[in-house]
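Residue-level listing of the chains:
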Amino acid sequence: MPYRSALFFALLFFLFTPRSFADIAAIHADELPQETAVLAALDDAKQMEPYSSTWTSNWQYEVKKEEVASRLAKDLGFLKLAIKAHPDNVELLLLTGLVARYAYNVDVDGSYDDTMEVLGQAQKLVPSDVRAPWFRATLECQTMELKAGADEFLAIESGHDWKSLPESFWHDYINCATIANLPAHALRAVSHLVALHPGSQDDYSTAVDIAHNRVIPYDPNKKYEPKDVWSGGSAGDESIFTSTLCGVRLHAHGNWEIDQLGMGNGSCIADFSTGPYKATKGDLRPSVLLLVQQPKQGESLQSYAAKFVKNGIASPDLALHCPASDCIALKVIDPGMYSKNGDGHGRIVVFERDQPEFPGLIFESAAAFPKPDNSVGAKYYRPTERQGRVPGKLYYLVLLDAAASIEEPALKDFDFFLQTLTVE
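Here we summarise the structure given alongside this text. Note that the coordinates shown come from a computational prediction; the quantities given were computed from them, not determined experimentally. (Residues numbered from 1 in each chain as written. Predicted model: local features only at pLDDT ≥ 70, side-chain atom pairs only at ≥ 80, totals over all residues. Heavy atoms only, no water.)

1. Some details on the nonpolar core
Right, on to step 1. If you look at the biggest cluster of nonpolar residues, it comprises 71 residues, and the most contacted ones within it are Ile27 and Leu95.
Right, on to step 2. Here this core takes ten residues from helix 3 (residues 90–104), the largest share from any one element.
Right, on to step 3. Once you skip the residues sitting within four places of it in the chain, leucine 95 turns out to touch Ile24, Ile27, Leu32, Val38, Leu42 and Leu79. (Core = buried A, V, L, I, M, F, W, Y, C linked by side-chain atoms within 4.5 Å. Buried < 20%, exposed > 50% of the residue type's maximum accessible area, 1.4 Å probe, protein only. Helix = DSSP H or I, 4+ residues; strand = E, 2+ residues; numbered from the N terminus. Contact = heavy atoms within 4.5 Å.)

2. Notes on the state of the cysteines
Where two cysteines share a covalent bond between their sulfur atoms, that bond is called a disulfide.
Right, on to step 1. Using the criterion set out here, one finds three disulfides in the structure.
Right, on to step 2. Disulfide pairing is shown between cysteine 141 and cysteine 176; the S-S distance is 2.0 Å. The sign of the S-S torsion, about -60°, decides the handedness of the disulfide formed by cysteine 141 and cysteine 176: left-handed. Of this pair, cysteine 141 sits in the loop between helix 5 (131–140) and helix 6 (146–158) while cysteine 176 sits in helix 7 (residues 167–179), and the two are 35 residues apart along the sequence. In this structure, cysteine 141 and cysteine 176 share a single accessibility class: buried.
Right, on to step 3. Shown here is the disulfide that connects cysteine 322 with cysteine 327, its sulfur atoms set 2.1 Å apart. (Disulfide = S-S within 2.5 Å.)

3. Some remarks on the sheet that holds strand 10 (residues 287–293)
Right, on to step 1. Spatially, 6-7-10-16-13-12-11 is the arrangement adopted by the seven strands of the open sheet, whose pairing is antiparallel. A single partner strand is all that each edge strand has here, and the edge strands are strand 6 (257–264) and strand 11 (313–316). Across the sheet, the mean angle separating the axes of adjacent strands is 15° when strand polarity is ignored.
Right, on to step 2. Inspection of the sheet shows strand 6 paired to strand 7 (residues 267–273) by seven bridges, in the antiparallel sense. If you follow glycine 264 over to strand 7, its bridge partner there is serine 267.
Right, on to step 3. Sitting on the sheet, helix 12 (residues 407–419) is in contact with strand 7, strand 10, strand 12 (327–334), strand 13 (344–353) and strand 16 (394–401), with an inclination near 155° to strand 16. (Pairing = 2+ DSSP bridges. Axes fitted to C-alpha atoms, helices over the stretch in contact; angles between N-to-C directions.)

4. A look at the packing of aromatic side chains
Right, on to step 1. In the structure shown here, the tally under the stated rule is 19 aromatic pairs.
Right, on to step 2. Ring centres 4.9 Å apart and planes at 85° place the aromatic pair tryptophan 59 and tyrosine 61 in the edge-to-face group.
Right, on to step 3. Its relative accessible area of 31% is what places tyrosine 61 among the partly exposed residues. (Phe/Tyr/Trp six-rings, centres within 6.5 Å; stacked < 30°, edge-to-face > 60°.)

5. Quick word on helix 1 (residues 36–52)
Right, on to step 1. Over its 17 residues, helix 1 extends 23 Å from the first C-alpha to the last, a length consistent with the 24 Å expected when each residue adds 1.5 Å.
Right, on to step 2. The sharpest bend along helix 1 measures roughly 35° and falls at lysine 46, with the proline proline 50 sitting one to four residues further on.
Right, on to step 3. By the burial criterion, the buried members of helix 1 are Val38, Ala41, Leu42, Asp44, Ala45, Met48, Glu49, Tyr51 and Ser52. (Expected span 1.5 Å × (residues − 1). Bend = angle between axes of the 7 residues up to and from the residue.)

6. Some thoughts on the side chain of serine 267
Right, on to step 1. Checked against the element boundaries, serine 267 lands in strand 7.
Right, on to step 2. For serine 267, the residues in contact, after removing those within four places along its chain, are Gly262, Leu291, Val292 and Gln293.

7. What about the packing of helix 2 (residues 65–85) against helix 4 (residues 111–125)?
Right, on to step 1. Across the interface, helix 2 lies against helix 4 with an axial gap of 13 Å and an inter-helix angle of 30°. Considering only the axes of helix 2 and helix 4, their crossing is left-handed. Residues Leu76, Lys80 and Ile83 of helix 2 form the contact with helix 4, whose own contacting residues are Ser111, Asp114, Val118 and Gln121.
Right, on to step 2. For the contact of helix 2 with helix 4, the per-class residue count stands at three nonpolar, two polar and two charged. (Left-handed = near helix turned anticlockwise from the far one by under 90°. Nonpolar A, V, L, I, M, F, W, Y, C, P; charged D, E, K, R; others polar.)

8. Focus on the packing of helix 1 against helix 3
Right, on to step 1. Where helix 1 meets helix 3, the closest approach of the two axes is 10 Å, and the angle between their N-to-C directions is 35°. For the crossing formed where helix 1 meets helix 3, the hand is left-handed. Packed against helix 1, whose contacting residues are Val38, Leu42, Ala45, Glu49 and Ser52, the element helix 3 presents Leu92, Leu95, Val99 and Tyr102 at the interface.

Written out as structure tokens, the structure reads:
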């Protein structure tokens, strides 16, 4: 049985979700084998679901845990026998997987493996049915397989219209998103449930409060250190930097030098030197700069772009990739800027983004539980907070500074930067 019992969550995530939309309701009783033992197990699962839909370390129900475990273990045994007679009945497999999951939550030996096995069989029979991966993901999110469960929920969501998914799916999704530290995803799921049942916002107030508490609001008066603005990672030989503060993620080649990475005067800044490349005289390093700012009152995108073209001759460059559907892309030539190495051949791309409905959503990834050790006592898992986005509309500037003699390799670097730039 996967490690779980010694690890107590910092919040009892299953307590804030109403259980009125039970998972057992997703089973189509009329498609089950109409046999006494199977239908009795279904009825028993409905009765036991309020006590076993999640695991708890502090049993406070009027029914003893031993009785719930005994009944579910017996039901599971009958259902496994029924599968031998009806191996292709998907509803039977799904019911068995759900009963096994409930049995796992009251510590019935072997129930985890039973859950995974029968749900795997059900998914093979009907790959398009969301219930097998949904039931499996819910179990994984209650174990040390949290990341696998959360990723499975996200995969189901991305492949379906949200209105087509059962309400109980969204309840389980919110639970998992909360413990996996996906606050924007949890808030979006709440919005789906509220849309399905207008006026039900209070039903999910705890989940909403937890999500908001996981995000640190932007403070215009705070001096932000680089580590507060940018988080780093890698993929192969590329470095990846993400700023939830300014709603952007960028890639840089491993041999690029970081000239500046941080925030100054309310602007997110990422400045890199690429190359070096052989110029007419010596080697030169082009510069690729990203600047993210709140526009000034009444400042248009055109006037914002004009501030960076004070020197040189600017003309539209339609060949440049733009991360937005509407942007300003310019080639700027500054005669004699680099002396024997040629004129300055710069590029400027400017675009804007309104604040999304759920800031940070596209940058969220499921957290994994820390690996358990053999020490005695409870282990506490506390999800980390993340920085919230600067509110309102933001202007984005991406600038290339290069000499004419190294324009070709510099443009390749600039194109790579633009092609891999993600902006919410």
